[in-house]
Amino acid sequence: MNKSQIPAAQKDVLSLLLDDHKEVKKLFKEFEAEKSQAAKEDIAREACMKLTVHAIIEEELFYPFLRAQNPDAFGDLLNEALVEHGTAKELIAQIESASIEDDDLYEAKVTVLNEYVAHHVKEEEDELFPKAIGKKVDLRELLTPMTERKEELIQSAVAS
Ligand SMILES: [Fe+2]
Ligand SMILES: [Fe+2]
């Protein structure tokens, strides 16, 4: 999805989410290319943390806002998105509680998480976000709450 073509009413909020998607995609690529086991585990943990924060701001703020604006237009897509988040979260929990040295399936888990996330992100970028634009949902009031919540979640993840 090309940020420069997003109208002003959706631009900042969708850009924030698109940047997150890109960042996580990049981390999965780094994971694949990295040779050191310890560094791989660090990258996987960072990807899990970023995905968790991203899913929370979507679930707490972005999805409910869209649903409230137009339940008929967004309901089914958002329900599917929540189920997809649920599956990803289970895998994230497994990865976060495992260590790459002790778990023979560690890399496979990260690979499958990457695949789940790629599928989910594609649906958001190809269906959900264009629908928010098409339905002219004004997302601007979400920018500050989403930015602040994201910052707060990152701070507490870093602190823990
Ligand atoms: Fe999502
Ligand atoms: Fe997303």
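Preceding block: the structure.
Quick look at the structure, then. (Residues numbered from 1 in each chain as written. Chains lettered and ligands numbered in written order. Predicted model: local features only at pLDDT ≥ 70, side-chain atom pairs only at ≥ 80, totals over all residues. Heavy atoms only, no water.)

## Things to note about the nonpolar core
Right, so step 1: Counting 26 residues, the largest nonpolar core has L17, F62, L66, F74, L128, L139 and M146 as the members making the most contacts within it.
Right, so step 2: Only α1 (8-33), α2 (37-69), α3 (71-97), α4 (106-134) and α5 (143-159) provide two or more residues apiece to this core.
Right, so step 3: The contacts of L17, once residues within four sequence positions are left out, are H54, I57, E58, F62, F129 and M146.
Right, so step 4: Grouped together as the second largest cluster of nonpolar side chains are 20 residues, F28, I92, A98 and V121 included. (Core = buried A, V, L, I, M, F, W, Y, C linked by side-chain atoms within 4.5 Å. Buried < 20%, exposed > 50% of the residue type's maximum accessible area, 1.4 Å probe, protein only. Helix = DSSP H or I, 4+ residues; strand = E, 2+ residues; numbered from the N terminus. Contact = heavy atoms within 4.5 Å.)

## Description of the coordination of the iron ion (ligand 2)
Right, so step 1: Those donors, H21 (NE2), H54 (NE2), E58 (OE) and E124 (OE), are the protein atoms that reach the iron ion (ligand 2), and they lie 2.0 to 2.2 Å from it.
Right, so step 2: Taken together, the four donor atoms coordinating the iron ion (ligand 2) span angles of 82 to 173 degrees at the metal, a pattern that classifies the geometry as irregular.
Right, so step 3: Read N to C, the donor residues that coordinate the iron ion (ligand 2) are spaced as H-x32-H-x3-E-x65-E.
Right, so step 4: A spacing of 3.3 Å is found between the iron ion (ligand 2) and the iron ion (ligand 1), which share E58 as a donor. Of this pair, E58 sits in helix α2 while E124 sits in helix α4, and the two are 66 residues apart along the sequence. The same class applies to E58 and to E124, which are both buried. (Donors = N, O, S within 2.8 Å, 3.2 Å for Na, K, Ca; no water. Tetrahedral: all angles 85-135°; square planar, octahedral: opposite > 155°, others 65-115°.)

## Details of unusual backbone geometry
Right, so step 1: The phi angle at K136 is positive, at roughly 55 degrees, despite the residue not being glycine.
Right, so step 2: Of note, K136 is situated in the loop between α4 and α5.

## Topic: the coordination of the iron ion (ligand 1)
Right, so step 1: In the first shell of the iron ion (ligand 1), the protein supplies E58 (OE), Y63 (OH), H85 (NE2), H120 (NE2) and E124 (OE), at 2.0 to 2.4 Å from the metal.
Right, so step 2: Expressed as a motif, the donor residue spacing for the iron ion (ligand 1) is E-x4-Y-x21-H-x34-H-x3-E.

## Focus on the packing of α3 against α4
Right, so step 1: The N-to-C vectors of α3 and α4 enclose an angle of 160 degrees; their axes lie 10 Å apart at closest approach. In terms of orientation, α3 and α4 fall into the roughly antiparallel class. Crossing of α3 against α4: the hand is left-handed.
Right, so step 2: For the contact of α3 with α4, the per-class residue count stands at 16 nonpolar, five polar and seven charged. (Axes fitted to C-alpha atoms, helices over the stretch in contact; angles between N-to-C directions. Parallel < 35°, antiparallel > 145°, perpendicular 65-115°, else oblique. Left-handed = near helix turned anticlockwise from the far one by under 90°. Nonpolar A, V, L, I, M, F, W, Y, C, P; charged D, E, K, R; others polar.)

## Observations concerning the packing of aromatic side chains
Right, so step 1: Within this structure, the stated rule accounts for two aromatic pairs.
Right, so step 2: Arranged with centres 5.8 Å apart and planes meeting at 85 degrees, the rings of F62 and F129 form a pair that is edge-to-face. You can see F62 sitting in helix α2 and its partner F129 sitting in helix α4, a full 67 residues away along the chain.
Right, so step 3: Given the relative accessible area of 0%, F129 is considered buried.
Right, so step 4: Members of the aromatic cluster, connected to one another through ring pairs, are F62, Y63 and F129. (Phe/Tyr/Trp six-rings, centres within 6.5 Å; stacked < 30°, edge-to-face > 60°.)

## Brief notes about the side chain of E84
Right, so step 1: Assignment of secondary structure puts E84 in helix α3.
Right, so step 2: As a buried residue without a salt bridge, E84 has its nearest oppositely charged side chain in R67, at a separation of 12 Å.
Right, so step 3: Among residues more than four places away in sequence, those in contact with E84 are H119, H120 and E123. (Lys, Arg positive; Asp, Glu negative; His and termini not counted. Salt bridge = Lys/Arg side-chain N within 4 Å of Asp/Glu carboxyl O.)

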